[in-house]
Amino acid sequence: MARIAFIGLGVMGAPMARHLLAAGHHLVVYNRTLERARDWVKQHGGSYASTPAAAAGGADAVITCVGADRDLEQVTTGLDGAFRNMKPGALFIDHTTVSARIARRLAEAGRKNRIACLDAPVSGGQAGAENGQLAIMCGGTPEAFAAAEPIMKAYAARMVHVGPDGSGQLTKMVNQICIAGVLQGLSEALHFAKASELDTAKVFEAISGGAAQSWQMLNRWKTMDEGQFDFGFAVDWMRKDLGLTLEEARANGARLPLAALVDQFYADVQAMGGARQDTSSLIRRLVE
């Protein structure tokens, strides 16, 4: 089993780290709020470190799951960053959703230090992390992917190597474009059904087995119908992701009118107090 440093114990990282420990890996964890790392170790086992560099010392692999570009830069190449203490030949796996730009920059820094890097954002939300059923889209060399695959299988149901450095992050942007469009369509469909005084449970039964079916419909129709949004992937994080996507689109010339529109709709939800609610709270714009 591998010696792994896991950096970032948020709603996604904490269960992923737990799966690694259950798979028999030796785990050292780090979290910027050290009390969370102490509590996690007390509950699950392993050990914790006071800095990313300390966590990375002697590790076969370092895994990060933090917030955004700035956070990732801090825990990797910052003053006490993991890259400063990783041994040659070690593996770096990043599960944060960040820009393709920083993914490529870290891969280049890794090459200078003989560290194999994989940008590997995830999809499946908190439930996917808790159940070990995440989908992971991976950018990097085939060799880095081959080294990471046995580790990631502890918390993933699907792992796909989609291309070179940065490709994982670009694929995650594709994922978020799809989700934004589906949730807007689902919000409007449910709003229309209610305005038509239809039995929404029967509508769901009728359409959820046909061409309209989606993961969002199967998992969020009922909770959207009931106005329940206190779970899952937060609006704040979706806006961060869509911001990265729209920035990349401006650079590559892709036209994303729907993604840009839904991003502004999410800004409305934030203004309504829904910043930490699940992304399915998009329907609030139509019913409140």
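Just so you know, these numbers come straight off a predicted model, no measurement behind them.

Let's talk about the layout of surface pockets
- What the largest pocket holds in volume is close to 1200 Å³.
- Around the largest pocket, the lining comprises 45 residues; the ones closest to its centre are V11, M12, G125, Q126 and F233.
- Every element with two or more residues in the lining of the largest pocket is listed here: β7 (122-123), α6 (125-131), α8 (167-195), α10 (215-225) and α11 (235-252).
- Broken down by element, the lining of the largest pocket gets its largest block of residues, five residues, from α8.
- Class assignment of the residues belonging to the lining of the largest pocket gives a composition of 17 nonpolar, 20 polar and eight charged.
- There are two domains that each give the lining of the largest pocket at least three residues, and those are domain 1 (3-164) and domain 2 (170-285).

What to know about the domain arrangement of the protein
- Domain parsing of the protein yields domain 1 (3-164) and domain 2 (170-285).
- Taken together, the contacts link 14 residues of domain 1 with 12 residues of domain 2.
- The tally of links from domain 1 across to domain 2 stands at one salt bridge.
- With a shortest N-O distance of 3.3 Å, E247 and R101 are connected by a salt bridge.
- Counting across the domain 1 and domain 2 interface gives six residue pairs in polar contact (both at pLDDT 80 or more).
- Of all the secondary structure elements, the ones that give two or more residues to the side of domain 1 that touches domain 2 are α5 (100-112) and β7.

Here we look at the UniProt feature "active site" (unreviewed entry) in the protein
- UniProt's feature table lists "active site" (unreviewed entry) at K172, given in the numbering used throughout.
- Within the secondary structure, K172 is located in helix α8.
- For K172, a relative accessible area of 6% gives the class buried.
- Excluding residues within four positions of it along the chain, K172 makes contact with T97, P121, V122, M137 and D241.

Observations concerning empty space enclosed by the protein
- By the definition in use, this model includes one cavity of 30 Å³ or more.
- Taken as a whole, the largest cavity holds about 60 Å³ of empty space.
- Of all the elements in the fold, those that place two or more residues in the lining of the largest cavity are β5 (91-94), α5 and β6 (116-119).
- Grouping the constituent residues of the lining of the largest cavity by class yields seven nonpolar, one polar and three charged.

So, the state of the cysteines
- This model, assessed by the stated rule, comprises zero disulfides.
- C138 supplies the cysteine sulfur nearest to C117, a cysteine that is in no disulfide, at a spacing of 13 Å.
- Looking at the unpaired C178, the closest cysteine sulfur is the one in C138, lying at 18 Å.
- Of the residues examined, C178 reaches a relative accessible area of 47% and is grouped as partly exposed.

Here we look at the nonpolar core
- In this structure, F6, M16, I136 and M152 are the most contacted members of the largest nonpolar core, which totals 34 residues.
- By residue number, the principal contributor to this core is helix α7 (residues 142-152), which donates five residues.
- Those residues within four positions of M152 in sequence are excluded, and the remaining contacts are I93, H95, L118, A120, I136, C138, F145 and M159.
- Y30, A59, F83 and M86 belong to the second largest nonpolar core, which has 23 residues in total.

Observations regarding the pairing of strand β2 (residues 26-30)
- Within β2, four of the five residues are buried, which leaves the element mostly enclosed by the surrounding structure.
- Two strands pair when backbone bridges link them, and strand β1 (residues 3-7) and β2 are joined in this way by five bridges, in the parallel orientation. Bridge pairing links F6 to V29 in β2.
- Note that the unit made of β1, helix α1 (residues 13-22) and β2 has a crossover that is right-handed.
- Bridging between β2 and strand β3 (residues 47-48) involves two bridges; their strand directions are parallel. Across the sheet, the residue bridging to V29 is Y48, located in β3.

Rules used in this analysis
- Residues numbered from 1 in each chain as written.
- Predicted model: local features only at pLDDT ≥ 70, side-chain atom pairs only at ≥ 80, totals over all residues.
- Heavy atoms only, no water.
- 1 Å grid on protein atoms, 1.4 Å probe; cavity = no way out; pocket = protein on both sides within 12 Å on 5 of 7 lines; lining within 4 Å.
- Points joined across faces, edges and corners; volume = space filled by probe spheres on them.
- Helix = DSSP H or I, 4+ residues; strand = E, 2+ residues; numbered from the N terminus.
- Nonpolar A, V, L, I, M, F, W, Y, C, P; charged D, E, K, R; others polar.
- Domains from an automatic or database assignment.
- Contact = heavy atoms within 4.5 Å.
- Salt bridge = Lys/Arg side-chain N within 4 Å of Asp/Glu carboxyl O.
- Polar contact = N/O pair within 3.5 Å; in protein donor to acceptor, adjacent residues only side chain to side chain.
- UniProt positions renumbered as here; feature names shortened; annotations may be inferred.
- Buried < 20%, exposed > 50% of the residue type's maximum accessible area, 1.4 Å probe, protein only.
- Disulfide = S-S within 2.5 Å.
- Core = buried A, V, L, I, M, F, W, Y, C linked by side-chain atoms within 4.5 Å.
- Pairing = 2+ DSSP bridges.
- Right-handed = clockwise from strand over helix to strand, strands pointing away.

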